[in-house]
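Here are the chains, one letter per residue:
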Amino acid sequence: MQTVTAESPTTAATAADDTRELLLRTAELAADFLGSLATRPVPGSLTVDALRASLGGPLPESGASSLEVINRLAADAEGGIVGSAGPRFFGFVIGGSLPAALAADWLTSAWDQNAGLYVAAPAASVVEEIVGRWLIELFGLPEATSFGLTTGCQMAHFTCLAAARSAVLRGAGWDAEAQGLFGAPEIHVLVSAHAHATALAALQYLGLGRDRVRTLETDDQGRIRIETLRAGMSAVPPGAPAIVCLQAGDVNSGAFDPIADAIAVVRERPGAWVHVDGAFGLWARAVPSLGHLLEGVELADSWATDAHKWLNVPYDSGIAFVARAEDHANAMSPPHAPYLEYTARQQRDEVHWVPEFSRRARGFPIYAALRTLGRAGVQQLVERCCALARRIAAGVAEEPGVRILNDVVLNQVLLRFETEGGAAASDALTRSVISRVQDDGVIWLSGTTWEGVAAMRISVSNWSTTERDADAATAAILDAVRRVR
Ligand SMILES: *Cc1c(COP(=O)(O)O)cnc(C)c1O
């Protein structure tokens, strides 16, 4: 220590000035980018080779100034930045970033807190505590529900299903955390035929196998059939551990499983666990007029959702909720490591609730989003996106040969372009229209396969999307189909 020469005060002051200049310049670059979103082409403009060429090259031998690095990064990455933060991105289910959430995310990086333990990040711990309670209230989940802020819904599934695995095996006299799965009683897992890939991925990571699940047949909207669930549950041997995964908001159609009826069927088996994938659909709980879609959801055992989709906070932000905190902590708590200054649980140590140890303080952006929106703002955000989805569906449906494939109950629209020559010709037409819309670049959306046929899918999940953007989407789609036909 003694041999290190202290920097002169002048150098330290200069460094602070440089940092300030750098951050202000970065804010300017970010604001310029955000300002361009409403008008710039939505897809990136550069090919992968061009991006590699502009960003790549050998590892530099010596460094460059921070300001130079950031200016160049912004310029070189520009052609590979998709306008998914903007109002005309209708692909997947993405959501942008509310300004306050983005700003809080910047502070999160500046603060660089390790939000695994209270002692390392007290404000982060308390903020997580607060947003967890707020969300439990917003979603109408049982008061005792525990929660963890994860990187996304996939890891929220992982967290919830780890709690499920732990609880159903404990019920069968087996300690999964200590003993693993070798020799454990078999767990019967039932999932919708429309289950999101990430729910299956979570089962894959948890040693429950993504292919050994029993798949539940669905109706034309992608909702499980109660008779199929009943048959599936009867095939589970009496007393055997069982987990059922339901969907609240199908990624294509936005449809909801008949949750109350499904949970009633599962509850005939004491100890069976119900998990709900509500990645974006759970947010419909903020809207009284959509209440019927989620009736009974509070009776499940665990719920996974995202904040980086419909709440419009920056990546990465998912949330796992578990009805009984003990099941949750049993599955997630790391084995005791003596160097950790664990607090005696009067404070929240986040490591007990997530499959992470050192971690980002991702509660701050959620906190900022919820404080700027309030309950009414969340409701309006969800309502507005749903209304815009209906508006696009109605506009496109006026074109002859367009078939809307789903009941537009939420923010998702599925449609298809039909032509003479049968299903294959209509598949080809639909795919060509999707490519044409993507190439035109005014909006962006993607395709899918629905009930065996090609479909265009539209998701409205950005806070900044207006009626004008929705009408631009309708126009872009109709313009493309008229040129492709
Ligand atoms: C997006 C999505 C997921 C996965 O969420 P990530 O945050 O991307 O991990 C799971 N289920 C549904 C229904 C989704 O839409």
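As the structure is a prediction and not an experimental result, all values here were calculated from the model. Numbers given to residues run from 1 along each chain, matching the order in which its sequence is written. Two thresholds apply to this predicted model, a pLDDT of at least 70 for residue-level local features and 80 or more for giving and counting side-chain atom pairs, whereas whole-chain, interface and lining totals are computed over all residues. Remark: hydrogens and water are excluded; side-chain values derive from all non-hydrogen atoms of the structure.

**Overview of the environment of Ile70**
Numbering of helices and strands starts at the N terminus; helices are DSSP runs of H or I of at least 4 residues and strands are runs of E of at least 2. Counting through the fold element by element, Ile70 comes out in helix 3 (residues 66-77). Accessible area is worked out with a 1.4 Å probe on protein chains only. A residue is then buried under 20% of its type maximum, exposed over 50%, and partly exposed in between. Judged by relative accessible area, Ile70 falls into the partly exposed class, the value being 25%. Along the primary structure Ile70 and Leu29 are separated by 41 residues, whereas in three dimensions their C-alpha atoms are 9.2 Å apart.

**A short note on the layout of surface pockets**
Each cavity reported here is a set of points on a 1 Å grid over the protein atoms alone in which a 1.4 Å probe fits but cannot get out, each pocket an open set with protein on both sides within 12 Å along at least five of seven lines, and each lining residue one with an atom within 4 Å of a point. Grid points are joined across faces, edges and corners, and a volume is the space filled by probe spheres set on the points. For the largest pocket, the calculated volume is near 1,000 Å³. Forming the boundary of the largest pocket are 36 residues, of which Leu29, Ala30, Phe33, Leu34 and Ile81 lie nearest the centre. Here the lining of the largest pocket takes 8 residues from helix 1 (residues 9-36), the largest share from any one element. For this classification, Asp, Glu, Lys and Arg are treated as charged, while Ala, Val, Leu, Ile, Met, Phe, Trp, Tyr, Cys and Pro are nonpolar and the rest, including Gly, are polar. By residue class, the composition of the lining of the largest pocket is 23 nonpolar, 9 polar and 4 charged.

**Some points on the site of the ligand**
Distances are taken per atom, and a residue is near a molecule or strand as soon as one of its heavy atoms is within 4 Å of it. Around the ligand, the surrounding shell holds 14 residues, and the nearest of these are Gln154, Asp277, Asp306, His308 and Lys309. Between the ligand and the protein, one listed contact pairs an oxygen atom with a side-chain N or O atom of Lys309 at 2.8 Å. The Shrake-Rupley method, run with a 1.4 Å probe, gives the accessible areas here. Residue values count only the displayed protein chains as cover. Starting from 380 Å² of accessible surface for the ligand in isolation, the protein chains cover 85%. For the shell around the ligand, the leading source of residues is helix 6 (residues 153-171), giving 3 residues. Among the residues forming the shell around the ligand, the class breakdown is 4 nonpolar, 7 polar and 3 charged. Polar contacts here mean pairs of N or O atoms no more than 3.5 Å apart (in protein, one a potential hydrogen donor and the other a potential acceptor; neighbouring residues in sequence count only if both atoms are side-chain atoms).

**Here we look at the pattern of salt bridges**
Salt bridge criterion: a side-chain nitrogen from Lys or Arg within 4 Å of a carboxyl oxygen from Asp or Glu. By the definition in use, this model includes 30 salt bridges. Here Glu467 ties to Arg391 by a salt bridge, and the two come within 3.4 Å at their closest N and O atoms. Residue Glu467 is found in helix 14 (residues 467-484), and its partner Arg391 is found in helix 12 (residues 363-397); the two are separated by 76 residues along the sequence. Classification of Glu467 by relative accessible area gives partly exposed; the value is 47%. Classification of Arg391 as partly exposed rests on a relative accessible area of 33%. Ionic pairing is found between Asp427 and Arg416, a salt bridge with its closest N-O pair at 2.6 Å. You can see Asp427 sitting in helix 13 (residues 422-440) and its partner Arg416 sitting in strand 9 (residues 412-417), a full 11 residues away along the chain. Given the relative accessible area of 14%, Asp427 is considered buried. We classify Arg416 as buried; its relative accessible area is 2%.

**Points about the nonpolar core**
The term nonpolar core refers to a set of buried residues drawn from Ala, Val, Leu, Ile, Met, Phe, Trp, Tyr and Cys, joined through side-chain atoms within 4.5 Å. Leu229, Met456 and Ile458 are the most contacted members of the largest nonpolar core, which has 100 residues in total. Per-element accounting of this core gives the leading share, 15 residues, to helix 12. In this structure Met456 touches Val413, Leu414, Leu415, Phe417, Thr430, Val433, Ile434, Val437, Leu445, Ser446, Gly447 and Ile477, once residues within four positions along its chain are discounted. Core analysis: the second largest hydrophobic core is formed by 24 residues, Ala167, Leu169, Val191 and Leu208 among them. Pairs of residues are marked as contacts when any of their non-hydrogen atoms sit within 4.5 Å.

**Overview of the environment of Ala50**
Inspection of the secondary structure puts Ala50 in helix 2 (residues 48-55). Ala50 sits 132 residues away from Phe182 along the chain, and the two C-alpha atoms are 49 Å apart.

**Remarks on the sheet that holds strand 3 (residues 214-216)**
The strands making up a sheet associate through hydrogen bonds between their backbones, and the pairing can be parallel or antiparallel. Reading across from one edge, 1-7-6-5-4-2-3 is the order of the 7 strands in this open sheet, with mixed pairing throughout. Since the sheet does not close on itself, it has two edges, and those belong to strand 1 (146-150) and strand 3, each with one partner. Within the sheet, the average angular offset between the axes of one strand and its neighbour, ignoring direction, is 20°. Of the pairings in the sheet, the one linking strand 4 (residues 242-247) to strand 5 (residues 273-277) comprises 5 bridges and is parallel in character. Across the sheet, the residue bridging to Ile243 is Trp273, located in strand 5. Across the sheet, helix 5 (residues 122-139) is in contact with strand 1, strand 6 (302-306) and strand 7 (318-322); its angle to strand 1 comes to roughly 115°. Criterion used throughout: strands pair if DSSP finds at least two bridges between them. Axis definition: a line fit to C-alpha positions, over the contact stretch in the case of helices; interaxial angles, taken between N-to-C directions, run 0 to 180 degrees.

**Some words on helix 6**
For helix 6, which comprises 19 residues, the first-to-last C-alpha distance of 26 Å matches the rise-based estimate of 27 Å (1.5 Å per residue) to within 8%. Along helix 6, 15 of the 19 residues are buried, which leaves the element largely enclosed by surrounding structure. Looking one or two places after helix 6, you find Gly173, whose phi comes out positive at around 80°. Here the expected length of a helix is defined as 1.5 Å per residue gap, with one fewer gap than residues.

**Here we look at the pairing of strand 9**
With respect to burial, strand 9 is a largely interior element, 6 of its 6 residues being buried. Burial along strand 9 is two-sided: the face carrying Gln412, Leu414 and Arg416 and the face carrying Val413, Leu415 and Phe417 are both buried. Two strands pair when backbone bridges link them, and strand 8 (residues 402-404) and strand 9 are joined in this way by 3 bridges, in the antiparallel orientation. Paired with Val402 across the strands is Phe417, a residue of strand 9. Where strand 9 meets strand 11 (residues 453-459), 4 bridges bridge the pair, whose relative direction is antiparallel. For Leu415, the partnering residue across the bridge sits in strand 11 and is Met456.

**Side note on the side chain of Asp257**
Its location among the elements puts Asp257 in the loop between strand 4 and helix 10 (259-267). Within this scheme the basic residues Lys and Arg register as positive and the acidic residues Asp and Glu register as negative, but His and the chain ends are omitted. Despite its burial, Asp257 pairs with no opposite charge; the closest candidate is Arg223, at 6.9 Å N-O. For Asp257, the side chain forms a polar contact with the main-chain nitrogen of Ile224, separated by 2.9 Å. Setting aside anything within four residues of it in sequence, one finds Asp257 in contact with Ser192, Gly222, Arg223, Ile224, Leu246, Gln247 and Leu293.

**Overview of the confidence of the model for the chain**
Across the chain, pLDDT averages 95, with 96% of residues at or above 70. A residue's pLDDT is simply how confident the predictor is in it, with values from 0 to 100. Taking the mean pLDDT of every element in the chain, the minimum, 89, falls on helix 1 and the maximum, 99, on strand 6.

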